[in-house]
Amino acid sequence: MARKRRSAYQTTLDLLSRRDHFRRELVEKLRTRNFPVNEIEDSIARCEELDLVNDERVAQRFVEVRAAERGWGPHRLAAELRKRGMSADNADRLSDPSVELAADAMRTALRKLEVRAPAGWWRDGQRRARMVTSTQKCVRAGGKHNDLENVGYTARHHTFFEMLGNFSFGDYFKKEAIEFAWELVVDVYGLPVDRLWFTVYTDDDDAAKLWEEVGAPADRILRFGEKDNYWAMGETGPCGPCSEIHFDRGPDPFAPGRAELVNGEGDDIIEIWNLVFMQFDRDAEGKLHPLPKPCVDTGAGLER
């Protein structure tokens, strides 16, 4: 008895179950299987209605992976997107380096929030890949949290700078991150505590308590709102409170009103290190859902 041939729709679902596809890729694969054009269009249209086929989403993921893992630049990315059926305007927009999609080499790992070791990173097992340190040469071009508008107005916002950081992908969290930061800044670098200020998000009592436990005076721990002490990858996705270390460069750190200069005007007191605690996932309605594996992402400007 002859085996019944799978329909174009069933074949499309099978292809999508293996990985995401651009629309053009699906059309080409279905054509090689000799399905009629009308069946191909109908099956893909049904999948688009279910949001199983979405070129914009697939293109975003494509840019993230190719930029982070292969180092492709905007021209190569735009050309590859055009090959896959994206319009020239959309291809240029999605591959623009000022777009948040390819903000840094860690974005793919942050988005997944998984703890699998990427192939070739480490030879001695999975554990170490959960804890990463980095030094990144950065161009302040655009994207979320870029502070581009501050270039030329302050002495601390450079167009090109080097960012030092440490990351935890589901391993250590607030306690260890704050202990590491205190040890490096105070014990190793020897910065005087009376010139340091520590900021936390408005309702992050855990971080405030942890700073006190490592030795920070309570009166040097300040609370700020979402503008200064909350990090998000975008309108939706991973986000969480952050805690910053600021250094007082002024002639008298005990002068009245110094606390008012933290996150304020001038360059007397500058942020030197930001500890981001990614512990929530924000959905399209703005609701926060705890992440199963909270992460840490810190950044310290080498020039500062």
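Reading the values: the criteria
- Residues numbered from 1 in each chain as written.
- Predicted model: local features only at pLDDT ≥ 70, side-chain atom pairs only at ≥ 80, totals over all residues.
- Heavy atoms only, no water.
- Helix = DSSP H or I, 4+ residues; strand = E, 2+ residues; numbered from the N terminus.
- Buried < 20%, exposed > 50% of the residue type's maximum accessible area, 1.4 Å probe, protein only.
- Areas by Shrake-Rupley, 256 points an atom, 1.4 Å probe, with all protein chains shown as cover.
- Pairing = 2+ DSSP bridges.
- Arc of directions from axis to C-beta.
- Contact = heavy atoms within 4.5 Å.
- Axes fitted to C-alpha atoms, helices over the stretch in contact; angles between N-to-C directions.
- Parallel < 35°, antiparallel > 145°, perpendicular 65-115°, else oblique.
- Left-handed = near helix turned anticlockwise from the far one by under 90°.
- Nonpolar A, V, L, I, M, F, W, Y, C, P; charged D, E, K, R; others polar.
- Phe/Tyr/Trp six-rings, centres within 6.5 Å; stacked < 30°, edge-to-face > 60°.
- Lys NZ or Arg CZ within 6 Å of the ring centre and 35° of its normal.

A. Main features of the overall build of the protein. Secondary structure summary: the protein contains 10 helices and 8 strands in total. Relative to its 304 residues, the protein shows a buried fraction of 40%. With the model as given, the accessible surface of the protein reaches about 17200 Å², and the carbon-plus-sulfur share is 49%.

B. Representation of the pairing of strand E2 (residues 160-169) in the model. Summarising burial for E2: 7 of the 10 residues are buried, a large majority. Sheet topology note: the strand E1 (residues 131-139)/E2 ladder contains 9 bridges and is antiparallel. From the neighbouring strand, lysine 137 faces E2, where its bridge partner is glutamate 162. Relative to strand E8 (residues 288-301), E2 is paired through 5 bridges, and the arrangement is antiparallel. Paired with phenylalanine 169 across the two strands is cysteine 295, which belongs to E8.

C. Layout of helix H9 (residues 205-214). When we look at burial in H9, the residues that qualify are Ala207, Ala208, Leu210 and Trp211. One side of H9 holds all its buried residues, which, seen down the axis, span an arc of 165°. In H9, the exposed positions that point more than 90 degrees away from the buried face belong to Asp206, Lys209 and Glu213. Contacts from the buried residues of H9 go to helix H8 (174-188), strand E3 (196-201), strand E4 (221-224), strand E6 (237-248) and strand E7 (269-282).

D. Expanded view of the environment of asparagine 90. The residue asparagine 90 is located in helix H6 (residues 88-95) in this model. C-alpha of asparagine 90 to C-alpha of alanine 78: the two residues are 12 residues apart in sequence and 8.6 Å apart in space.

E. The packing of H8 against H9, seen in detail. Relative to each other, H8 and H9 sit at 40°, their axes nearing to 10 Å. As judged from the angle between their axes, H8 and H9 are oblique. The crossing of H8 and H9 is right-handed. Contact residues: Lys174, Lys175, Ile178, Glu179, Ala181 and Trp182 in H8; Asp206, Ala207, Leu210, Trp211 and Val214 in H9. Across the contact of H8 with H9, the residue classes break down as 7 nonpolar, no polar and 4 charged.

F. Fine view of the packing of aromatic side chains. Overall, the coordinates contain 7 aromatic pairs when judged by the stated rule. Centroid distance tyrosine 172 to phenylalanine 180: 5.1 Å. Interplanar angle 80°. Geometry classified as edge-to-face. The exposure class of phenylalanine 180 is partly exposed, given its relative accessible area of 38%. Relative to phenylalanine 198, the ring of tryptophan 182 has its centre 5.8 Å away and its plane inclined at 35°; by these criteria the two rings are tilted. Taken together, the residues span a long stretch of sequence, with tryptophan 182 in helix H8 and phenylalanine 198 in strand E3 at a distance of 16 residues. Neither residue differs from the other here; tryptophan 182 and phenylalanine 198 are each classed as buried. Lying over the aromatic face of tyrosine 9, arginine 46 brings its terminal NZ or CZ to 3.5 Å of the ring centre. In this arrangement the basic side chain of arginine 220 is found over the ring face of tryptophan 197, its NZ or CZ atom lying 4.0 Å from the centre.

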